[in-house]
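As a plain string of letters, each chain reads:
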Amino acid sequence: MCGAVRFTAVGMRTEITACHCDMCRRWSSGPFFAVGCERLELEDEDVLGVISSSSWAERGFCRSCGSSLFYRITAPGKLQGATTVSLGTLDDQGGLTLVKEWFIDKRPEAYALAGEHECVTEAQVFAMYGGDSGELAP
Ligand SMILES: [Zn+2]
Ligand SMILES: [Zn+2]
């Protein structure tokens, strides 16, 4: 929001995912809309905050204005380092397609996302990734 943290999402995909899990909704005041990338190139980390939000993932935010910036998997394994950036941080949000909603059963009934795309329940996430939390998603 304030522009103090600037980064380039290298190898950014064109697919948007939305996560309705409890943590993402608290972090984003709604679904966490995210776009995957291969890695982040941060221009300046002086005001970058990173919080370990679970034993397997961390979340980056701006310590100047509080904006949510990215989610990154830290647990060892094939997903380690997988990073999704907050859709709202992108200067150009054109040409992207919503492809998946995580934790669809945690979505409040007040809103729904339009269009045809995959929807995954909490139980399905746990079956896919194991563990007892959805923090491996999105
Ligand atoms: Zn989530
Ligand atoms: Zn900021």
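Thresholds, definitions, all that
- Residues numbered from 1 in each chain as written.
- Chains lettered and ligands numbered in written order.
- Predicted model: local features only at pLDDT ≥ 70, side-chain atom pairs only at ≥ 80, totals over all residues.
- Core = buried A, V, L, I, M, F, W, Y, C linked by C-beta atoms within 7 Å.
- Buried ≥ 20, exposed ≤ 12 C-beta atoms within 10 Å, placed from the backbone.
- Helix = DSSP H or I, 4+ residues; strand = E, 2+ residues; numbered from the N terminus.
- Contact = placed C-beta atoms within 7 Å.
- Pairing = 2+ DSSP bridges.

Asks: Which parts of the structure should I look at to understand the nonpolar core?
Replies: Most often, soluble globular proteins keep nonpolar side chains buried together rather than apart. Among the nonpolar cores identified, the biggest contains 21 residues, and Ala 18, Cys 19, Phe 32, Ala 34, Trp 102 and Phe 103 are the most heavily contacted of them. For this core, the secondary-structure elements that each account for two or more residues are strand S2 (15–19), strand S3 (32–37) and strand S7 (68–73). When sequence neighbours within four positions are dropped, the list of residues in contact with Ala 18 reads Pro 31, Phe 32, Phe 33, Leu 98, Glu 101, Trp 102 and Leu 113.

Asks: Is there a simple way to explain the sheet that holds S3 in this structure?
Replies: Across a sheet, strands are paired by hydrogen bonds formed along the backbone, either parallel or antiparallel in direction. The strand order across the open sheet built from eight strands is S5-S6-S7-S8-S3-S2-S9-S10, with neighbouring strands paired in mixed fashion. The outermost strands of the open sheet, each flanked by one partner alone, are strand S5 (48–54) and strand S10 (118–119). In the sheet, S2 pairs with S3 via four bridges, with the strands oriented antiparallel. Considered in S3, the bridge of Thr 17 is made with Ala 34.

Asks: What is the right way to look at the pairing of S3 in this model?
Replies: Note on strand geometry: in a regular strand, side chains alternate between the two faces of the sheet. Bridging between S3 and strand S8 (residues 83–86) involves four bridges; their strand directions are antiparallel. Along S8, the bridge assignment pairs Cys 37 with Thr 83.

Asks: Help me out: how do you make sense of the environment of Arg 39 in this one?
Replies: Note on placement: Arg 39 falls in strand S4 (residues 39–42). Along the sequence, Arg 39 and Gly 77 sit 38 residues apart, while their C-alpha atoms lie 16 Å from each other. For Arg 39, the contacting residues outside a window of four places in its chain are Val 10, Gly 11 and Thr 83.

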